[in-house]
Amino acid sequence: MNRVTVIGSANIDFVVELPRRPDAGETLLGSDLRRFAGGKGANQAAAAARMGAETSFSGCVGADENGSFVCSQLAESGVDVSGVIRVDRPTGTALVLVTPDGENSIVVSPGANHALDVEFAEKKGDEWVDADMVVLNLESPLRAVEHIAAMAAHRGIRLLLNAAPAEQLSAETLALCDPLIVNEHEARVLLGDEGASSFAAVAQRFLDRGVRSVVITLGAAGAVFGDSTGIATVPAFAVDVVDTTGAGDAFVGATASELARGCGLREAVAFASAVAALSVQSVGAQSSYPNRREVRDFLDR
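1. Examining the pairing of strand β4 (residues 54-62)
Reasoning step 1: Counting buried residues along β4, eight of its nine residues qualify, which places the element largely inside the surrounding structure.
Reasoning step 2: The pairing of strand β1 (residues 3-7) with β4 spans five bridges and is classified as parallel. Bridge pairing links Val 4 to Thr 55 in β4.
Reasoning step 3: Pairing geometry for β4 and strand β5 (residues 80-87), over six bridges, is parallel. Residue pairing in the sheet places Gly 59 in a bridge with Val 84 of β5.

Encoded structure:
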């Protein structure tokens, strides 16, 4: 067990640190421009591999230097990138602004990621037939995501869907999620909830809609999770925050690794919370992810 396939986006992240977010029409001077490998799918694959899963990544990058850089960074994390194809579009790019509180504002130009379509899914499907867990997110075209989710279900492969950025999902796709992982904003968007309900109630609404299991990440407030056995919470770790970029992806990748390893949902969420806590203590996404030994040392303190 513990074979994870991530199918999704890969980006190059250009990061600038600023004293605050600029107002409309305002110019601010920031730090030197820094380049990191990113993209939700690639980040999640890197995190799963660093937690010890046998991880493969399928996606699309450009036939450019940025695409080569993204693939080399994934390979350094131990990810099999043989499922990546080069297309005649620029590698996806994210422009990331980071403020002193560690929060970020991100604009993404998807570029090559838009080439991950149903045809791509059918062509690459045989490469992940033996996976224990398939991980998807919504930085890829929705039609392809829902098609891959159905393919995974047909093959009896467990599906983790990170519904980010938030888009409306069909009832058929929601019913395949085990788990569905969303943050507090995405959870409310998917349900049309304007904030009156507690997140325990929001989690229960997902279960009532047929989701097999659900995790709602709440930042410093921890995470709410639930399945057929009930709803529970896991607290967050108190750490000094430098940059939250990619922390949610670290959580997703670690959750996938632990579930594929055979852990229960509570154990997987608690472990993933530690991975995310370690990731926010330095700049960048994949570059900030710990390895499994570092997470165990952190938990043993």
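2. Notes on the packing of helix α1 (residues 40-50) against helix α8 (residues 247-261)
Reasoning step 1: It is the contact of α1 with α8, at a shortest axis distance of 7 Å, that shows an interaxial angle of 50°. Classed by the angle they form, the pair α1 and α8 counts as oblique. For the pair α1 and α8, the sense of crossing is right-handed. Contact with α1, carried on its side by Lys 40, Asn 43, Gln 44, Ala 47 and Ala 48, involves Asp 249, Ala 250, Val 252, Gly 253, Ala 254 and Ser 257 of α8 and no other residues of that element.
Reasoning step 2: Its residues placed into classes, the contact of α1 with α8 shows five nonpolar, four polar and two charged.

3. A short note on the packing of aromatic side chains
A ring pair, where both rings are aromatic, is described by two values, the distance of the centres and the angle of the planes.
Reasoning step 1: For the coordinates displayed, the defined rule picks out one aromatic pair.
Reasoning step 2: Sitting over the ring of Phe 69, Arg 35 keeps its end group 3.9 Å from the ring centre.
Reasoning step 3: Between Arg 155 and the ring centre of Trp 128, over which it is positioned, the NZ or CZ distance is 4.7 Å.

4. Description of the nonpolar core
Nonpolar side chains in soluble globular proteins tend to end up buried together.
Reasoning step 1: Ranked by size, the top nonpolar core spans 51 residues in total, and within it Val 4, Phe 57, Leu 74, Met 133, Val 135, Val 215 and Val 269 carry the most contacts.
Reasoning step 2: Once residues within four sequence positions are removed from consideration, Met 133 is found in contact with Arg 3, Val 4, Thr 5, Ile 157, Arg 158, Leu 159, Leu 160, Ala 256, Leu 259 and Ala 260.
Reasoning step 3: Residues Met 151, Val 202, Phe 206 and Leu 207 belong to the second largest nonpolar core, which totals 41 residues.

Criteria and thresholds
Residues numbered from 1 in each chain as written. Predicted model: local features only at pLDDT ≥ 70, side-chain atom pairs only at ≥ 80, totals over all residues. Heavy atoms only, no water. Buried < 20%, exposed > 50% of the residue type's maximum accessible area, 1.4 Å probe, protein only. Helix = DSSP H or I, 4+ residues; strand = E, 2+ residues; numbered from the N terminus. Pairing = 2+ DSSP bridges. Axes fitted to C-alpha atoms, helices over the stretch in contact; angles between N-to-C directions. Parallel < 35°, antiparallel > 145°, perpendicular 65-115°, else oblique. Left-handed = near helix turned anticlockwise from the far one by under 90°. Contact = heavy atoms within 4.5 Å. Nonpolar A, V, L, I, M, F, W, Y, C, P; charged D, E, K, R; others polar. Phe/Tyr/Trp six-rings, centres within 6.5 Å; stacked < 30°, edge-to-face > 60°. Lys NZ or Arg CZ within 6 Å of the ring centre and 35° of its normal. Core = buried A, V, L, I, M, F, W, Y, C linked by side-chain atoms within 4.5 Å.

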